[in-house]
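Structural features, examined
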Amino acid sequence: MVYPGAMHTRFEHSLGVMHLITKMYDSIINKEENKKILQNLGYTDAGVERERQLVRLAGLLHDIGHAPFSHASEELFPKNSKTNKSYTHEDYTVAIITNLLKDVIEVHPINNNYKISVNEIAGLIRGDASILGHKIFWKILISSQLDADRCDYLLRDSLHIGVKYGIYDLDRLLVTLRLGINPDTEEIILGIEEGGWYAAEQLVISRYQMFTQVYYHKTRRAYDYMLIQALKETLDLYPPPPEINDFVKFDDYSVIQLMLEKSKNKEWIQNILQRKHIRMVIEKDNEISIDEEEKIRQFKEKLNNSSIWFWEDGQISEKPWYLTEEILIINEKEEVKPLSEYSEIVCNLRKVKFNKRRIYVKFEDRNKAEKLKREVYYE
């Protein structure tokens, strides 16, 4: 509805992550400074090759537990009775790898050369030090400010969507990848050589722009909300990870078919089918004046008094966008510093939140809502 070229799939992305994580890994192990660190850990040539296959498999399978329509349908994940928290797509990823793919991976003839277990792959995706031991630092290639996941989706989404926001210098980033030692914990870390910090800065800025301009686009957010409601009209809850065989029966196509079968008298499904998406009538920064807050209160009161349904998308992100887990820069003296100490732009981004207060109404109520807004703001 916004970017008609964005028809690429998570399968393509998963292949891309495997490809990119391989390039990252190869860049790291072929650098002399990094070879010394790996040798100190006891890595032989055979060990390095085995680890390469492990990170490739983790890159390929890192998203395999996503539900239909990705993050939008995660509200239908059931709660874990042990933690009283909802399961995550990572829980499903681990369940698929360790159950459904166990024989596919461990019994594969090529694996006779590596003896890689599914628990190792799941442990790398989860970041489980009890399984991986000193290998845990490879987790940074899977999940961090510098991981292969975001490095792939930024370029891939930019290409298919047709925007330039997510572009960054991947080649420069790859040649400046560097292993180092955290002086506080003595743990191995992955960072960027000092000469490559501009490329790291570019990556951060690219991701920021993609989120603000694309992923949080007003219409895309509207369809997120509508899709969640349509899914709730179609399904109850997804089966929990212990029932993984039932969970994997659901995909985008089977759920769309269920929606079509249940579409009669289902408001949100009908709205999607008829492309009558909810319309934004107000957008403000979340940190607003007392006077502006009062105007929004009056507007919502008028909507309620007029029996006009509305949705307030007010907490897109409660946390600062660029979190404390920073990209690390390693200089020639082996000193480790956060990127924000080099880049004033990144330093300031640490304070930025994606907080936009948006109020949406249903397609048919837009003109009425606009009239009420004028009464509050201009009369």
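For the structure itself, look to the data block above.
Residues numbered from 1 in each chain as written. Predicted model: local features only at pLDDT ≥ 70, side-chain atom pairs only at ≥ 80, totals over all residues. Heavy atoms only, no water.

Details of the overall build of the protein
The helix and strand tally for the protein stands at 17 helices and nine strands. Here the C-alpha coordinates of the protein stretch approximately 75 × 50 × 40 Å along the principal axes. Counting every position in the protein, which comprises 379 residues, the buried fraction comes to 50%. Within the protein, residue pairs in contact and separated by at least 24 positions form 76% of the contacts whose partners lie at least 6 positions apart. Of the side chains in the protein, 53 bear a positive and 60 a negative charge, and the two mean positions are spaced by 5 Å. (Helix = DSSP H or I, 4+ residues; strand = E, 2+ residues; numbered from the N terminus. Buried < 20%, exposed > 50% of the residue type's maximum accessible area, 1.4 Å probe, protein only. Contact = heavy atoms within 4.5 Å. Lys, Arg positive; Asp, Glu negative; His and termini not counted. Charge placed at Lys NZ, Arg CZ, Asp CG, Glu CD.)

Overview of the sheet that holds strand β3 (residues 177-181)
Read from one edge of the open sheet, four strands run β3-β4-β7-β8, paired in mixed fashion. The sheet terminates laterally at β3 and β8 (336-338), the two strands that pair on one side only. Neighbour to neighbour, the strand axes of the sheet diverge by 50° on average, direction disregarded. Where β3 lies against strand β4 (residues 188-193), five bridges are found, and the strand directions are antiparallel. In the sheet register, leucine 177 faces β4, and the bridge partner there is isoleucine 192. (Pairing = 2+ DSSP bridges. Axes fitted to C-alpha atoms, helices over the stretch in contact; angles between N-to-C directions.)

Observations concerning the pattern of salt bridges
For the structure on display, the rule yields 29 salt bridges. Where glutamate 120 meets arginine 50, a salt bridge forms, and the shortest distance between an N and an O atom there is 2.6 Å. A residue pair is termed long-range when its members are at least 10 positions apart, and glutamate 120 in helix α6 (residues 118-126) and arginine 50 in helix α3 (residues 45-61) qualify at 70 residues. You'll find glutamate 120 and arginine 50 in the same group, each marked buried. With its nearest N and O atoms 3.2 Å apart, the salt bridge here joins lysine 295 to aspartate 291. One end of the pair, lysine 295, and the other, aspartate 291, are both in helix α15 (residues 290-305), four residues apart, so they sit about a helical turn from each other. When salt bridges that share partners are traced, they join Arg50, Glu51, Glu120 and Lys135 into one network. (Salt bridge = Lys/Arg side-chain N within 4 Å of Asp/Glu carboxyl O.)

Things to note about the packing of α15 against helix α17 (residues 366-377)
The N-to-C vectors of α15 and α17 enclose an angle of 140°; their axes lie 9 Å apart at closest approach. Taken together, α15 and α17 sit at an angle that is classed as oblique. The two elements α15 and α17 meet at a crossing, and its hand is right-handed. Where α15 abuts α17, its residues Glu292, Lys295, Ile296, Gln298, Phe299, Lys302 and Leu303 lie against Ala369, Leu372, Lys373, Glu375, Val376 and Tyr377. Tallied by class, residues from the contact of α15 with α17 come to seven nonpolar, one polar and five charged. (Parallel < 35°, antiparallel > 145°, perpendicular 65-115°, else oblique. Left-handed = near helix turned anticlockwise from the far one by under 90°. Nonpolar A, V, L, I, M, F, W, Y, C, P; charged D, E, K, R; others polar.)

Concerning a nonpolar patch on the surface
Together, Ile256, Leu260 and Leu273 make up an exposed nonpolar region whose accessible area comes to about 250 Å². When you line up the elements, leucine 260 lands in helix α13 (residues 252-261). (Patch = residues over 30% accessible without salt bridge, like charges linked within 9 Å, V, L, I, M, F, W, Y side chains within 5 Å. Areas by Shrake-Rupley, 256 points an atom, 1.4 Å probe, with all protein chains shown as cover.)

Digging into the pairing of β4
For β4, a buried count of five out of six residues is recorded, marking the element as mostly surrounded by other parts of the structure. Where β3 folds back on β4, the antiparallel hairpin that results is connected by six residues, among which glutamate 186 adopts a positive phi of roughly 60°. The pairing of β4 with strand β7 (residues 328-330) spans two bridges and is parallel. Across the sheet, residue glutamate 193 finds its bridge partner in β7, namely isoleucine 330.

Quick notes on the packing of aromatic side chains
Ring pairs (aromatic) are described by centroid distance and by the angle formed between their planes. Here the structure, examined in full by the defined rule, presents 20 aromatic pairs. With centroids separated by 4.8 Å and ring planes inclined at 45°, the aromatic side chains of tyrosine 25 and tryptophan 138 adopt a geometry described as tilted. Pair noted here: tyrosine 25 is in helix α1 (residues 10-29) and tryptophan 138 is in the loop between α7 (129-132) and α8 (148-161), with a separation of 113 residues, a long-range link. Tryptophan 138 shares its class with tyrosine 25; the two are buried. (Phe/Tyr/Trp six-rings, centres within 6.5 Å; stacked < 30°, edge-to-face > 60°.)

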